[in-house]
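# Observations on chain architecture
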Amino acid sequence: MALTPIAIFGRMEILAKKDSLFSFYSSPYPAHRETKALDLTSGGERYDDMYSPVSGEIIAIKKIPAPEFSKNLDDEYVTAILPEGSDHALKIIHLEPSLDVGDYIDAGEKLGKLIRTEFFWKFNDPGIHMEIRKRDDLFRTGGGMRFEPVLDPIEGETELTGKVTKRAEHYSIIEFPSSGTSGDITGLTCDVNGRNAFLDCTHPYVDYGGVVGAKGGKVSVNGTAIGLAIDGIIQYSNFDIYINDAKAECISSVLSLRKRAELKVIPAVLKEGEKVTITVKK
Amino acid sequence: MKVDEFEFPDDLLYDENHLWIKVDGTTARIGLTDLGQALYKGIMHIDLPEPGEEFPRGDTIAPFETIKSVSKIIAPLTCKISKVNEKLRENSEIINESPYGEGWILELELQKPEEKDSLMPISKAAEVYAEVIKKEKEKYAYLYE
């Protein structure tokens, strides 16, 4: 299966398969707030196989026991992969590796299985969290390196009229037939000082969001200002998202390799097949 | 004493920031409780202060990091640092593995010893911690649905 580059650091390319979703900013954790973390989901369920987004040698695996609050949480693992010729490794968490330290893996090959640890909200799908780190500083939160999204200019805008294509236990998914695209990548588009960008956020559960494809300026969705982006990070102004006439409790907008932009609506109040229009109001 | 699955030695004092404090006159040793280490699994780094540094009660004394999150040790009492657990510089996971033993974090000279009356014996701390444990368990209750 062909792999699409979604981010780079130096000569390290982060690659994703078709049908994957990815996000720089829809998480509350600190590294994301500096564009130093990237989440990637293949769409798999818990314990499904997950592929490696880079080629390289596995240089470290660390297991961290699950907290005692639930016997149904998986132990956490940190896996570090060092691409050939690189001084920096890719740190991957939320995956139980099926390989060992010293093994080599090609991007796209099975790295392990998706797990569910204490870092997941109930509406989060299984997926991996990635950071780029110096090889002698693999495990902590601070000190990671910044990802650079790989994005061609975005063509078209995502029209905010769509249909509910999935209703899961804790969320519904809306697909938008008319979506802005950048090569194989799509998402909800927004305007950043006249420039088209993708909106990457979980609002309002996460107190900030991000734009991918633009760095800074006033951010608007469908003509309504939602905040100010500085270096990709949106400081929100007050606004609400409405789905038809009902105010949404929370929405999550990430980048997609699934041909159509999607919006996750939390909780699962929408029914499959329902036609919806999204509006933004102050 | 046990609160749910978590151990809390009877001879220590506790605070709402998940610290245990062993007071001995005008000195004290502090660390994270068993519950505290469970809330921060996999402590990968801690920024320790230097002996001689002074902190008012409530100030950040030692930021620390897990594999994905950050938090901090907050001074439970107005103090001067007398000793740090140097082992934590190389292996901060000892805090998770042995929170009341080898994972102690700091020794303090108390500059206002009377502040220790604000700390909780386990008989009182148990109520506070039971609520924390209940909320954490509720977060993951969906995994049983």
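Residues numbered from 1 in each chain as written. Chains lettered and ligands numbered in written order. Predicted model: local features only at pLDDT ≥ 70, side-chain atom pairs only at ≥ 80, totals over all residues. Heavy atoms only, no water.

## Focus: the overall build of chain A
Of the regular secondary structure elements, chain A holds zero helices and 29 strands. Taken over the C-alpha trace, chain A has a radius of gyration of 18 Å; the compact-globule value for 282 residues is 19 Å, and the two agree within 12%. By principal-axis analysis of the C-alpha atoms, chain A measures approximately 55 × 40 × 35 Å. Per-residue burial over chain A gives 56% buried out of 282 residues. Across chain A, every contact between residues at least 6 apart in sequence was considered, and the portion connecting residues at least 24 apart equals 64%. When the accessible surface of chain A is split by element, carbon and sulfur atoms take 46% of a total near 11,900 Å². One finds the centroid of the 34 positive side-chain charges in chain A at a distance of 4 Å from the centroid of its 42 negative side-chain charges. (Helix = DSSP H or I, 4+ residues; strand = E, 2+ residues; numbered from the N terminus. Rg over C-alpha atoms; globule rule 2.2 N^0.38 Å. Buried < 20%, exposed > 50% of the residue type's maximum accessible area, 1.4 Å probe, protein only. Contact = heavy atoms within 4.5 Å. Areas by Shrake-Rupley, 256 points an atom, 1.4 Å probe, with all protein chains shown as cover. Lys, Arg positive; Asp, Glu negative; His and termini not counted. Charge placed at Lys NZ, Arg CZ, Asp CG, Glu CD.)

## Section: the sheet that holds strand β9 (residues 70-74) of chain B
Residue and element names in this part refer to chain B. Across the sheet, which stays open at both edges, the three strands sit in the order β6-β8-β9 with antiparallel pairing between neighbours. Two strands close off the open sheet at either side, each with one partner strand: β6 (45-46) and β9. Strand direction decides the pairing type here: β6 and strand β8 (residues 60-65), joined by two bridges, are antiparallel. When the bridges of β8 are listed, isoleucine 46 appears paired with phenylalanine 64. (Pairing = 2+ DSSP bridges.)

## A closer look at the interface of chain B and chain A
With 24 residues of chain B at the interface, the matching set in chain A holds 33 residues. Both faces combined, the contact of chain B with chain A buries some 2,600 Å², and carbon together with sulfur accounts for 59% of it. The three residues of chain B that bury the most area against chain A are Ile67(B), Lys68(B) and Tyr142(B), which together make up 32% of that side's buried surface. Counting across the interface, chain B meets chain A through four salt bridges. Of the charged contacts in the structure, one is a salt bridge between Arg140(A) and Glu65(B), with a shortest N-O distance of 2.8 Å. For the pair chain B and chain A, the number of links is 14 residue pairs in polar contact (both at pLDDT 80 or more). Class assignment of the residues belonging to the side of chain B that touches chain A gives a composition of eleven nonpolar, five polar and eight charged. (Buried area = accessible area lost by both parts, 1.4 Å probe. Salt bridge = Lys/Arg side-chain N within 4 Å of Asp/Glu carboxyl O. Polar contact = N/O pair within 3.5 Å; in protein donor to acceptor, adjacent residues only side chain to side chain. Nonpolar A, V, L, I, M, F, W, Y, C, P; charged D, E, K, R; others polar.)

## Notes on the domain arrangement of chain A
Residues and elements named next belong to chain A. In terms of domains, chain A is made up of domain 1 (3-149) and domain 2 (161-281). Distance from the C-alpha centre of domain 1 to the C-alpha centre of domain 2: 24 Å. Each partner contributes to the roughly 2,300 Å² buried at the junction of domain 1 and domain 2, and carbon and sulfur atoms together form 57% of this total. Taken as a group, Phe22, Tyr25 and Phe123 account for 32% of the area that domain 1 buries against domain 2, more than any other trio of residues on that side. Counting the contacts that link domain 1 with domain 2 gives four salt bridges. As a salt-bridge pair, arginine 33 and aspartate 207 come within 2.9 Å of each other at their nearest N and O atoms. The interface formed by domain 1 and domain 2 contains 16 residue pairs in polar contact (both at pLDDT 80 or more). Counting residues per element, the ones that place at least two in the side of domain 1 that touches domain 2 are β1 (3-9), β2 (12-17), β3 (21-23) and β13 (148-149). Residue composition of the side of domain 1 that touches domain 2, grouped by class: eleven nonpolar, ten polar and eight charged. (Domains from an automatic or database assignment.)

## Regarding the pattern of salt bridges
Residue and element names in this part refer to chain A. Going through the model one piece at a time under the given rule, you end up with 25 salt bridges over all chains. For lysine 110, the salt bridge identified is with aspartate 49, shortest N-O distance 3.3 Å. Here lysine 110, found in strand β11 (residues 110-114), pairs with aspartate 49, found in strand β5 (residues 49-51); they are 61 residues apart in sequence, far enough to count as distant. Put simply, Lys91, Glu131, Arg133 and Asp137 are held in one network by salt bridges that share partners.

## Concerning the packing of aromatic side chains
On inspection of all chains with the given rule, the structure shows 13 aromatic pairs over all chains. Relative to Phe119(A), the ring of Tyr29(A) has its centre 5.5 Å away and its plane inclined at 80°; by these criteria the two rings are edge-to-face. Of the two residues, Tyr29(A) is situated in the loop between β3 and β4 (38-41) and Phe119(A) in the loop between β11 and β12 (128-134); the sequence distance between them amounts to 90 residues. Here Tyr29(A) matches Phe119(A) in class, with each residue buried. With a centroid separation of 6.1 Å and 90° between ring planes, the pair formed by Tyr14(B) and Tyr129(B) is classed as edge-to-face. (Phe/Tyr/Trp six-rings, centres within 6.5 Å; stacked < 30°, edge-to-face > 60°.)

## Side note on the sheet that holds β2(A)
All names here are of chain A. Strand order in the open sheet made by the three strands is β2-β1-β13, with antiparallel pairing throughout. Single-partner strands in this sheet number two, and they are β2 and β13. Pairing of β1 with β2, which is carried by six bridges, proceeds in the antiparallel orientation. Counted as the bridge partner of leucine 3 is lysine 17 from β2.

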